[in-house]
Amino acid sequence: MTDEPNTLGEYLRARRELVSPEQVGIPVRGVRRVPGLRREEVAMLSGISAEYYLRLEQGRDRHPSTQVLEAIARVLQLDDDAYLLSLAAERPRRKRPRPRRETLPASTAQLIDQLPFPAFAEGRYLDVLAANALAAAVSPRLVAGGNRLRDVFLAEAEQDLFEDWERAAAALLAGFRRTVGRSIDDPRVVELVGELSLASPAFRQLWARHDIAERTGATVVLEHPTVGQLRLEREKLAVAGTDGIMLVVYHAQPGTESAERLAFLGSMAEAIGSASGTLTPPVARRLS
């Protein structure tokens, strides 16, 4: 028996519990003792034996065939089976991983400072590696040294920024899980998950779902305490030559109230930077 985490089995169990019998055409009679589908029901619908499916969940067989996994993915109604397939892929034996040091290319840091939009660099652990003045004007927690998971799940002021905090938190965590993949024994991942599991019931609940999603752009609505509602487009762009570092940029549709309010925030950030002697990009003039 391997001493590696049973990521495949945990994922199968979590997703099985989220599919109701009605969703797969199984009539419900009497009281069911388990949430979602039973193991034998998944096995039957997937065309495999109940004993074999039990072996998968228990981690006694960690490398089933692609055909078996695709059948299970259909039963569990997964939109994308790529993540499930990756959990069962063969990996060479390795020592316990060391924490990964993330280094942002100097050219990317310079670009962030020069952009006329709120922008920051986000590592694979969702650490903020660099941020410009306008990003900090949108959220004071968007500064180098912060961590997006900690801020979103533990900082009440950050939660208040989001019009739909629960949806934003779920999407952020799903992207984190997709990025770390099978590396849940990475010391940095263990540290974050352990800390947040103890401190946040919402994190514990969402982490147990095993939701995954790509770290992609989206429309976000923020309730800023100074300028009011901001409807922004968030772009997430992979930084070439790095392992999971993303450039995150917020921008508003030209001519909208959000664009005007973002420009006002830029003016404030520039004024504060000038008063303190810190150079900041002329964001307000470019956004207006």
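A quick note: this is a predicted structure, and the numbers were derived from the prediction, not measured.

What counts and what doesn't
- Residues numbered from 1 in each chain as written.
- Predicted model: local features only at pLDDT ≥ 70, side-chain atom pairs only at ≥ 80, totals over all residues.
- Heavy atoms only, no water.
- Pairing = 2+ DSSP bridges.
- Helix = DSSP H or I, 4+ residues; strand = E, 2+ residues; numbered from the N terminus.
- Axes fitted to C-alpha atoms, helices over the stretch in contact; angles between N-to-C directions.
- Core = buried A, V, L, I, M, F, W, Y, C linked by side-chain atoms within 4.5 Å.
- Buried < 20%, exposed > 50% of the residue type's maximum accessible area, 1.4 Å probe, protein only.
- Contact = heavy atoms within 4.5 Å.
- Left-handed = near helix turned anticlockwise from the far one by under 90°.
- Nonpolar A, V, L, I, M, F, W, Y, C, P; charged D, E, K, R; others polar.
- Phe/Tyr/Trp six-rings, centres within 6.5 Å; stacked < 30°, edge-to-face > 60°.
- Lys NZ or Arg CZ within 6 Å of the ring centre and 35° of its normal.
- Patch = residues over 30% accessible without salt bridge, like charges linked within 9 Å, V, L, I, M, F, W, Y side chains within 5 Å.
- Areas by Shrake-Rupley, 256 points an atom, 1.4 Å probe, with all protein chains shown as cover.
- Salt bridge = Lys/Arg side-chain N within 4 Å of Asp/Glu carboxyl O.
- Lys, Arg positive; Asp, Glu negative; His and termini not counted.
- Charge placed at Lys NZ, Arg CZ, Asp CG, Glu CD.
- pLDDT = per-residue confidence, 0-100.

This part is about the sheet that holds strand β1 (residues 119–122). Read across the sheet, five strands follow the order β2-β1-β5-β4-β3 without closing on themselves; strand pairing throughout is antiparallel. Either end of the sheet is taken by a strand with one partner, and the two such strands are β2 (128–131) and β3 (218–224). Going across the sheet, the axis of each strand differs from the next one's by a mean of 30°, ignoring polarity. Sheet topology note: the β3/strand β4 (residues 228–238) ladder contains seven bridges and is antiparallel. Across the sheet, Glu223 pairs through a bridge with Gln229, a residue of β4.

By size, the foremost hydrophobic cluster in this structure holds 36 residues, and its most contacted members are Leu149, Phe153, Phe176 and Leu232. When neighbours within four sequence positions are excluded, Leu149 is seen to be in contact with Leu126, Leu154, Leu172, Leu173, Phe176, Leu192 and Leu196. Listed in part, the 22 residues of the second largest apolar core include Leu37, Val68, Ile72 and Leu84.

Another aspect to go through is the packing of helix α2 (residues 39–46) against helix α3 (residues 50–58). The contact between α2 and α3 brings their axes to 8 Å, and the two run at 115°. Crossing of α2 over α3 shows right-handed handedness. Taken together, the residues of α3 that come into contact with α2 (itself represented by Arg39, Glu40, Val42 and Ala43) are Ala50, Tyr53, Leu54 and Glu57. Residue composition of the contact of α2 with α3, by class: five nonpolar, no polar and three charged.

On to the environment of Gly194, then. With respect to the helices, strands and loops of the structure, Gly194 is situated in helix α11 (residues 187–199). Each C-alpha atom of the pair Gly194 and Arg204 lies 9.5 Å from the other, and the pair is ten residues apart in sequence.

Quick look at unusual backbone geometry now. The phi dihedral of Gln77 is positive, around 60°, even though this residue is not glycine. Counting through the fold element by element, Gln77 comes out in the loop between α4 (66–75) and α5 (82–87). You will see that Leu126, though not glycine, has its phi angle at about 65°, which is positive. The residue Leu126 is located in the loop between β1 and β2 in this model. Classification of Leu126 by relative accessible area gives buried; the value is 1%.

Moving on to the packing of aromatic side chains. We describe a pair of aromatic rings using the distance from one ring centre to the other and the angle between the two ring planes. This model, assessed by the stated rule, comprises six aromatic pairs. Centre to centre, the rings of Phe120 and Tyr250 are 6.4 Å apart; their planes meet at 35°, and the pair counts as tilted. Here Phe120, found in strand β1, pairs with Tyr250, found in strand β5 (residues 246–251); they are 130 residues apart in sequence, far enough to count as distant. For the pair shown, Phe120 and Tyr250 are each scored as buried. Judged by centre distance (5.7 Å) and plane angle (10°), the rings of Phe203 and Trp207 are stacked. In this pair, Phe203 and Trp207 both sit in helix α12 (residues 201–209), four residues apart, roughly one turn of the helix. Taking the relative accessible area as the measure of exposure, Phe203 reaches 0% and is therefore buried. Under the relative-accessibility criterion, Trp207 is labelled buried at 15%. Taken together, the ring pairs in this structure connect Phe153, Trp165, Phe176, Phe203 and Trp207 into an aromatic cluster. The ring centre of Trp207 lies 3.6 Å from the NZ or CZ of Arg177, which sits over that ring.

Another aspect to go through is a negative patch on the surface. A grouping of Glu163, Asp164, Glu166 and Glu223 is seen on the molecular surface, where their side chains present a negatively charged patch. Tracing the sequence through the fold places Glu163 in the loop between α9 (156–161) and α10 (165–180).

Enumeration according to the criterion identifies 19 salt bridges in this entry. Glu122 serves as the salt-bridge partner of Lys236, at 3.1 Å between the closest nitrogen and oxygen. Remark: Glu122 occurs in strand β1 and Lys236 occurs in strand β4; sequence separation between them is 114 residues. Comparing Lys236 with Glu122 shows no difference in burial state: the two are buried.

A few words now on the confidence of the model for the chain. Per-residue confidence for the chain gives a mean pLDDT of 87; residues scoring 70 or more make up 89%. When the criterion is pLDDT under 50, residues 279–288 qualifies, and its contacts beyond four places in sequence or with other chains add up to 27 contacts.

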